[in-house]
Amino acid sequence: MNNITVNFRKATKKEEEIVRKEIGKHFGQEGLDSLQNRFLWIKDGKIKEVCALHPNIEAIVKTIPHNLYFAGIPIGSIKNNKFQLEIEGSALIRLTSKKVLHVKTDQFLYGKSIFTDNVFQFDEAFQSGDLVIIEGRNNIHYGVGETSISSEELKSALSNTVIIKGSKNIPRDRGWYLRKGN
């Protein structure tokens, strides 16, 4: 039997800066507001999993006398000093951000790309390379994706142009829980 010790700890200042810088880059102050009154914690490993804890949860976590595996909302991960926003982090940011792309297809949930023909609305202008929150019918949160074209280019792009490249192995869409999640 493996006795692997998991290190779940409060994020360092540098780790917090990495997370906040990336969220601010893509979602501005609105995105950073989603982390207001939350503390960042890290589950160490080859990839550092980043969790956002409400102050009440953090207070409880600090009182637990043995190693904790996980707590809070898993918002993303840090690898090679770069933060990657993931499913639940984008759901948290959705509460404060207007950088939302509304789609009329469920294909993103299967790790597939979104084509311009599948976009019916966006709430705020975006540039190529920006992260946007993806929502489906009835404003259901699907996840987060990186745009390959700007909102201005979207207006004249061919219908088969990929706007969000899908990813089967990165936890960016809710379907990942069924495909890969444990």
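Here goes a summary of the coordinates provided. Please read all numbers here as calculations on a predicted model, not as lab measurements.

1. Observations concerning the overall build of the protein
So, point 1. Helix and strand counts for the protein stand at 5 helices and 11 strands.
So, point 2. Computed over C-alpha atoms, the radius of gyration of the protein comes to 17 Å, within 12% of the 16 Å expected from 2.2 N^0.38 for 182 residues, which places it in the range of a compact globule.
So, point 3. Burial status across the protein gives 43% buried among its 182 residues.
So, point 4. Look at the contacts in the protein between residues 6 or more apart in sequence, and 59% of them connect residues 24 or more apart.
So, point 5. Here the protein displays about 10,300 Å² of accessible surface, and carbon together with sulfur accounts for 51% of that area.

2. Observations concerning the pairing of strand β3 (residues 48-53)
So, point 1. For strand β2 (residues 39-43) and β3, the ladder comprises 5 bridges, and the chain directions are antiparallel. Within the sheet, the bridge partner assigned to Trp41 lies in β3 and is Cys51.
So, point 2. The antiparallel pairing of β2 with β3 creates a hairpin that spans 4 residues between the two strands.
So, point 3. Across 5 bridges, the pairing between β3 and strand β4 (residues 73-79) is antiparallel. Following the sheet pairing, Glu49 is matched in β4 by Ser77.

3. Here we look at the packing of aromatic side chains
So, point 1. Here the structure, examined in full by the defined rule, presents 4 aromatic pairs.
So, point 2. Here the aromatic residues Phe8, Trp41 and Phe70 are joined through ring pairs into a cluster of three or more.

4. Focus: the sheet that holds strand β8 (residues 119-122)
Backbone-to-backbone hydrogen bonds join strands into a sheet, with any given pair of strands oriented parallel or antiparallel.
So, point 1. Here 4 strands make up an open sheet; going across it, the order is β8-β6-β9-β10 and the pairing mixed. Of all strands in the sheet, those bounded by a partner on one side alone are β8 and β10 (141-146). With strand direction ignored, the average angle separating the axes of adjacent strands in the sheet is 30 degrees.
So, point 2. Bridge count between strand β6 (residues 100-103) and β8: 3 bridges; the pairing is antiparallel. Bridging across to β8, His102 finds its partner in Gln121.
So, point 3. Here helix α3 (residues 87-94) sits on the sheet and contacts β6, β9 (131-135) and β10; the angle it forms with β10, its principal contact strand, is near 100 degrees.

Definitions and cut-offs
- Residues numbered from 1 in each chain as written.
- Predicted model: local features only at pLDDT ≥ 70, side-chain atom pairs only at ≥ 80, totals over all residues.
- Heavy atoms only, no water.
- Helix = DSSP H or I, 4+ residues; strand = E, 2+ residues; numbered from the N terminus.
- Rg over C-alpha atoms; globule rule 2.2 N^0.38 Å.
- Buried < 20%, exposed > 50% of the residue type's maximum accessible area, 1.4 Å probe, protein only.
- Contact = heavy atoms within 4.5 Å.
- Areas by Shrake-Rupley, 256 points an atom, 1.4 Å probe, with all protein chains shown as cover.
- Pairing = 2+ DSSP bridges.
- Phe/Tyr/Trp six-rings, centres within 6.5 Å; stacked < 30°, edge-to-face > 60°.
- Axes fitted to C-alpha atoms, helices over the stretch in contact; angles between N-to-C directions.

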